[in-house]
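# An overview of the molecular structure
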Protein chains: 2
Amino acid sequence: MQQVAKRNVIVGQSGGPTAAINSSLAGVYRTAIDRGYKKVYGMLHGVQGLIEGRYIDLSEHITSALDSELLKRTPASYLGSCRYKLPEIFQDKELYEKIFKILEDLEIDCFIYIGGNDSMDTIKKLSDYAMLTGSDIRFVGCPKTIDNDLALTDHTPGYGSAAKYIGTSVKEVIRDGLSMRNAKGLVTVIEIMGRNAGWLTGASVLAKGEDCDGPDAIYLPELDFDVDAFVEKCRNLLKTKNSVVVCVSEGIHTADGKYVMELGENAEFVDAFGHKQLTGTARVLCNILSSELGCKARAIEFSTLQRAASHCASRIDINEAFEVGGAAMKAADEGDSGKMVVFVRTSSDPYAAETEVKDVHKIANDERLVPREWVTEDGSYVTPEFRSYVDPLIQGDVSPVMVDGIPRHLYKPGYQELLEQS
Amino acid sequence: MQQVAKRNVIVGQSGGPTAAINSSLAGVYRTAIDRGYKKVYGMLHGVQGLIEGRYIDLSEHITSALDSELLKRTPASYLGSCRYKLPEIFQDKELYEKIFKILEDLEIDCFIYIGGNDSMDTIKKLSDYAMLTGSDIRFVGCPKTIDNDLALTDHTPGYGSAAKYIGTSVKEVIRDGLSMRNAKGLVTVIEIMGRNAGWLTGASVLAKGEDCDGPDAIYLPELDFDVDAFVEKCRNLLKTKNSVVVCVSEGIHTADGKYVMELGENAEFVDAFGHKQLTGTARVLCNILSSELGCKARAIEFSTLQRAASHCASRIDINEAFEVGGAAMKAADEGDSGKMVVFVRTSSDPYAAETEVKDVHKIANDERLVPREWVTEDGSYVTPEFRSYVDPLIQGDVSPVMVDGIPRHLYKPGYQELLEQS
């Protein structure tokens with residue numbers, strides 16, 4: 001695409017935070033500046049904030065190379081995130097006109113959105129609208145999700161760091177359990193994020209190595225969960241082990257489609273996208289185990305910690321997140337629109353991956369699940385293929401910038417107030 | 001004390017695991033060998049395992065300097081732990097005779113026990129028995145507890161690493177909360193260990209710095225907790241902030257002595273020492289907040305993670321834990337018995353501390369709480385004095401030995417089976 005003079009770029013973050021999403025933001029910024037764009041705006045709280053006219057000039061926040069390094073080590077969405085789904089174009093044309101008016105006023109050439117499958121829906125709709133109305137603005141998606149469930153890409157930035165944290169923490173919990181002594185045995189049930197996709201829970205296998213047996217069982221939400229078989233499995237494990245550790249996805253459900261957490265009495269919430277908000281799966285299972293087996297049972301939820309633990313990030317992941325931000329910016333700069341950057345793994349051992357761009361229409365709202373053949377026959381563990389897949393994604397460390405004993409994050413005066421004026 | 005030929009040493013670990021307790025074990029071993037003892041035995045699962053004749057020869061486990069370094073980076077009790085309280089001597093003299101027979105058979109000169117206040121009760125009773133019966137065996141305690149509640153010592157090994165993990169993770173959770181957008185506001189309630197002592201919960205203040213506001217409120221168990229005042233505090237905070245983060249001790253209780261978790265419907269367990277097992281404080285508070293204020297409320301329990309996170313250990317803490325193990329061994333070697341090693345802080349800025357030995361009778365079964373003047377008038381935060389106290393204890397990092405992207409722990413063939421034959 002020929003362009004006489006480059007104007008501005010706007011970038012946003014959407015969906016659940018990760019430890020790597022800000023590295024992609026840093027990548028977008030760097031490439032936009034390198035390619036000669038004048039300003040790089042950041043939407044505050046994604047497209048929802050943009051509609052309200054809330055954005056910043058990123059050059060006021062990334063003022064040095066050190067800032068950029070700090071941003072790569074800062075967890076959660078620096079720009080603020082949202083879980084906002086645009087209406088269909090025919091449902092609210094005025095809203096689209098409003099958004100494009102704001103973009104034109106800001107002299108935007110490229111719109112980069114960092115997010116997961118719900119966020120790619122935003123790229124799809126805005127690029128459709130641009131095409132329908134003949135706008136020159138290019139809309140490109142940058143993948144991000146700890147859930148690792150985006151279609152057409154080998155993996156997503158954010159997943160590797162969450163997987164590394166999960167492997168590390170599961171291993172520490174296993175050691176902790178091993179050291180305690182319980183007359184009737186102890187079962188620790190660790191609850192890991194993942195509504196429908198078991199990528200994160202499967203990563204608990206990373207705890208297994210020369211110095212650790214790893215979890216004793218791993219249950220993903222892709223398969224129906226059989227409560228009786230689970231109890232029998234634990235009963236058998238307790239015959240030879242004093243401490244048993246089981247990892248389960250928050251989204252495991254019985255054959256009739258009922259979430260395991262619903263077997264308890266906890267309340268049920270639904271988010272803006274209609275997803276059920278799940279908590280308490282591990283607790284429900286612990287109650288069942290202690291009453292059925294008479295053992296001690298403890299529930300551990302990795303909760304928000306697993307998506308925010310930038311202190312335990314994967315170097316591969318942080319670097320790839322930066323790279324994918326640059327690739328999204330490059331694609332938009334070179335004229336792509338309605339696309340998302342994906343990873344293609346060109347070699348597993350040694351690991352090598354390249355970025356490509358794919359049609360966002362084939363990605364938005366889709367979900368990539370763990371293949372059935374990567375789960376054992378009886379559904380209680382992942383196979384060596386799963387391990388080979390995830391292993392390269394957690395390699396290498398990112399040394400936090402430690403100040404007074406605590407990792408330093410990027411912060412500019414007034415930053416918090418900016419995010420809170422919503 | 002004059003001794004013709006040094007014989008053997010036995011060391012045990014007791015009570016809740018920490019990220020630093022194995023560093024003390026490494027310190028005991030090193031000093032015992034350096035001082036010319038022949039063998040260093042390790043009790044499996046503390047004195048409870050010893051009574052059953054379960055112990056190992058540590059030289060088969062620490063076979064190199066690398067092993068020693070790995071041990072310092074291995075969380076939880078390498079030797080296995082127990083929560084076992086010896087009966088009073090007059091209640092079961094036979095048991096004491098049995099223990100001393102085992103120690104004599106093993107030709108033990110020094111008995112080192114690494115643990116908290118309950119474990120120091122064991123040192124007290126065994127050293128009393130030795131004195132009563134004219135035994136030459138010396139019994140010395142080595143302090144360990146993330147709770148930091150031992151009397152007569154400035155702080156306890158294990159606390160610094162747990163504090164560093166808590167400060168780091170609270171900061172990451174705050175960033176996570178800041179990035180999300182919630183129409184009615186979000187309150188995150190983080191539940192931190194501590195039945196009666198608020199040292200760990202107070203450490204959440206470490207999240208506060210140039211780049212982070214820190215938690216919005218901190219509630220320790222030393223003071224009565226006023227639910228209504230808490231709700232009003234959150235109501236006021238939500239007027240200016242979209243995301244509020246509150247840290248609470250698991251042990252907070254109302255003025256009538258009722259634990260906050262008992263305000264919910266969760267079951268109640270009692271451990272071998274008669275302590276109530278608490279969970280669900282944060283969840284109870286979240287339920288109250290969401291019904292009273294209509295806000296979104298999420299509960300996060302740091303649970304076992306906070307005591308096992310050796311991947312985020314404090315260098316000061318790991319080094320001091322090693323040092324205190326050596327000091328306990330040195331004291332026993334030089335004839336002390338019925339003592340525990342303590343830290344005396346000789347300077348706060350720059351930080352400096354020395355070890356001394358104190359009478360274990362003045363330590364066992366006692367609890368050191370956070371001074372009232374280190375909590376603000378209204379009881380909802382800690383003062384700068386608290387911060388100055390904890391700051392030095394989290395300084396410096398211990399680089400994990402990363403193998404295939406995951407921290408490596410010490411493990412010898414058959415190790416797990418050893419611990420599990422109970």
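Since we're looking at a predicted model, the values are computed, not measured. Residue numbers here run from 1 along each chain, matching the order of that chain's written sequence. In the order they appear in the text, chains get letters beginning with A and ligands get numbers beginning with 1. In view of the model being predicted, local features appear only for residues whose pLDDT reaches at least 70, and side-chain atom pairs are presented and counted only at 80 or more, with totals across whole chains, interfaces and linings using the full set of residues. With hydrogens and water set aside, each side-chain value is computed from the structure's full complement of heavy atoms.

### Details of the sheet that holds strand S13 (residues 351-359) of chain B
Residues and elements named next belong to chain B. As summarised here, the arrangement of the seven strands in space is S3-S2-S1-S4-S5-S12-S13, forming an open sheet in which the pairing is mixed. Sheet topology places strand S3 (55-57) and S13 at the edges, where each strand pairs with a single neighbour. Neighbour-to-neighbour, the strand axes of the sheet open up by a mean angle of 25°, direction not taken into account. For strand S2 (residues 39-43) and S3, the ladder comprises three bridges, and the chain directions are antiparallel. Looking at S3, one finds that glycine 42 is bridged to isoleucine 56. Taken strand by strand, helix H5 (residues 117-133) contacts strand S4 (108-115), strand S5 (138-143) and strand S12 (339-348), and its axis lies near 170° from that of S5. Any two strands with at least two DSSP bridges between them are considered paired. Labels follow the DSSP assignment, with helices taken as runs of H or I lasting at least four residues and strands as runs of E lasting at least two, numbered in each case from the N terminus. Helix axes are fitted only over the stretch in contact, all axes being lines through C-alpha atoms; the angle between N-to-C directions runs from 0 to 180 degrees. We call two residues in contact when some of their heavy atoms are within 4.5 Å.

### What about the environment of Val370(B)?
Residues and elements named next belong to chain B. Examined against the element boundaries, valine 370 turns out to sit in the loop between S13 and helix H12 (384-390). Between the C-alpha atom of valine 370 and that of glycine 414, which follows or precedes it by 44 residues, the distance is 43 Å. Every residue in contact with valine 370, bar those within four places of it in the chain, is listed here: Gly198, Trp199, Leu220, Glu222, Val375 and Phe386.

### Observations regarding the confidence of the model for chain A
Residues and elements named next belong to chain A. Confidence in the prediction of chain A, expressed as mean pLDDT, is 94, and 95% of residues score 70 or more. Here residues 266-272 is modelled with pLDDT under 50, and outside its nearest four sequence neighbours on either side it reaches 17 contacts, counting other chains as well. Two summary scores accompany this predicted model of the complex, namely pTM at 0.96 and ipTM at 0.95. Values of pLDDT, ranging from 0 to 100, describe the predictor's confidence in every residue of the model.

### A word on the pattern of salt bridges
Take a side-chain nitrogen of Lys or Arg and a carboxyl oxygen of Asp or Glu: if they are within 4 Å of each other, that pair is a salt bridge. One pass over the structure, following the stated rule, counts 56 salt bridges over all chains. A salt bridge links Glu334(A) to Arg35(A), with the shortest nitrogen-to-oxygen separation between them at 3.1 Å. With a gap of 299 residues between them, Glu334(A) in the loop between helix H11 (315-333) and strand S12 (339-348) and Arg35(A) in the loop between helix H1 (21-34) and strand S2 (39-43) connect regions that are remote in the sequence. We note a salt bridge from Lys6(B) to Asp333(B), for which the minimum N-O separation is 3.1 Å. Here Lys6(B), found in the segment before strand S1 (8-13), pairs with Asp333(B), found in helix H11 (residues 315-333); they are 327 residues apart in sequence, far enough to count as distant. Between buried and exposed lies partly exposed: a residue is buried under 20% and exposed over 50% of the maximum accessible area for its type, with that area taken using a 1.4 Å probe on protein chains only. Owing to a relative accessible area of 27%, Lys6(B) belongs among the partly exposed residues under this scheme. Judged by relative accessible area, which is 9%, Asp333(B) ranks as buried. Counted as one network, the salt bridges with shared partners bring together Lys6(A), Arg35(A), Lys330(A), Asp333(A) and Glu334(A).

### Focus: helix H6 (residues 159-179) of chain B
Here H6(B) spans 30 Å end to end across 21 residues, near enough to the 30 Å set by a 1.5 Å rise per residue. Among the 21 residues that make up H6(B), 21 are buried, leaving the element largely enclosed by the rest of the structure. A helix's residues, less one, multiplied by 1.5 Å, set its expected span.

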